[in-house]
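Examination of the molecular architecture
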Amino acid sequence: QAQLRETGGGLVQAGGSLRLSCTASGLTFSMGWFRQAPGKEREFVVAISVSGASTYYADSVKGRFTISRDNAKNTIYLQMNSMKPEDTAVYYCVADPNIMGVQSETSGPRYWGQGTQVTVSS
């Protein structure tokens, strides 16, 4: 059974950095991250293809967040720099057989982790 397990959330000051990790078991798919802020809908953040050659970012995080993956460890990483209070949200690791599926805010990716809280203080 496919499972996604996130680690690395926490509290950081504005302008600081955090790194999230997500380890997958039972699947090798395109992966990425969604987030949900209080009172808001879940939104796409970033996606990475199986090979790691293709990446896609939401405009709100371009230039600040970087996704990477280590297929030997079945793990993806999200390096978040220059963080802002509006980055505060629960971050969910996601996976889907199709890279476009990872990005879909309508149908949603097929697999979801349990989420990890990221809080950016001003």
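Described in the following lines is the structure provided in the data block. (Residues numbered from 1 in each chain as written. Predicted model: local features only at pLDDT ≥ 70, side-chain atom pairs only at ≥ 80, totals over all residues. Heavy atoms only, no water.)

For the rest of this paragraph, the subject is the sheet that holds strand β8 (residues 75-80). Sheet architecture is open: 4 strands sit in the order β1-β3-β8-β7, paired in antiparallel fashion. Every other strand in the sheet has two partners, leaving β1 (3-7) and β7 (65-70) as the edge strands with one partner each. Going from strand to strand, the sheet's axes swing by 20° on average, the running direction of each strand aside. Where β1 and strand β3 (residues 18-25) come together, 5 bridges link them in antiparallel fashion. Note on β3: the bridge partner recorded for glutamine 3 is serine 25. (Pairing = 2+ DSSP bridges. Helix = DSSP H or I, 4+ residues; strand = E, 2+ residues; numbered from the N terminus. Axes fitted to C-alpha atoms, helices over the stretch in contact; angles between N-to-C directions.)

Under the counting rule described, the total for this entry stands at 4 aromatic pairs. Put simply, the rings of Phe34, Phe44, Tyr92 and Trp112 pair up and form one aromatic cluster. Over the ring of tyrosine 92 we find arginine 42; its NZ or CZ atom is 4.3 Å from the centre of that ring. Between the NZ or CZ atom of arginine 42 and the centre of the ring of tryptophan 112, over which it lies, the distance is 4.5 Å. (Phe/Tyr/Trp six-rings, centres within 6.5 Å; stacked < 30°, edge-to-face > 60°. Lys NZ or Arg CZ within 6 Å of the ring centre and 35° of its normal.)

For the structure shown, the criterion picks out 4 salt bridges. Within this structure, Arg35, Glu43, Arg64 and Asp87 form a network of salt bridges that share partners. (Salt bridge = Lys/Arg side-chain N within 4 Å of Asp/Glu carboxyl O.)

Residue placement: aspartate 87 occurs in the loop between β8 and β9 (89-96). Judged by its relative accessible area of 1%, aspartate 87 falls in the buried class. A polar atom in the side chain of aspartate 87 sits 2.8 Å from the side chain of arginine 64. Beyond its immediate stretch of four places on either side in the chain, aspartate 87 contacts Arg35, Arg64, Phe65, Val118 and Val120. (Buried < 20%, exposed > 50% of the residue type's maximum accessible area, 1.4 Å probe, protein only. Polar contact = N/O pair within 3.5 Å; in protein donor to acceptor, adjacent residues only side chain to side chain. Contact = heavy atoms within 4.5 Å.)

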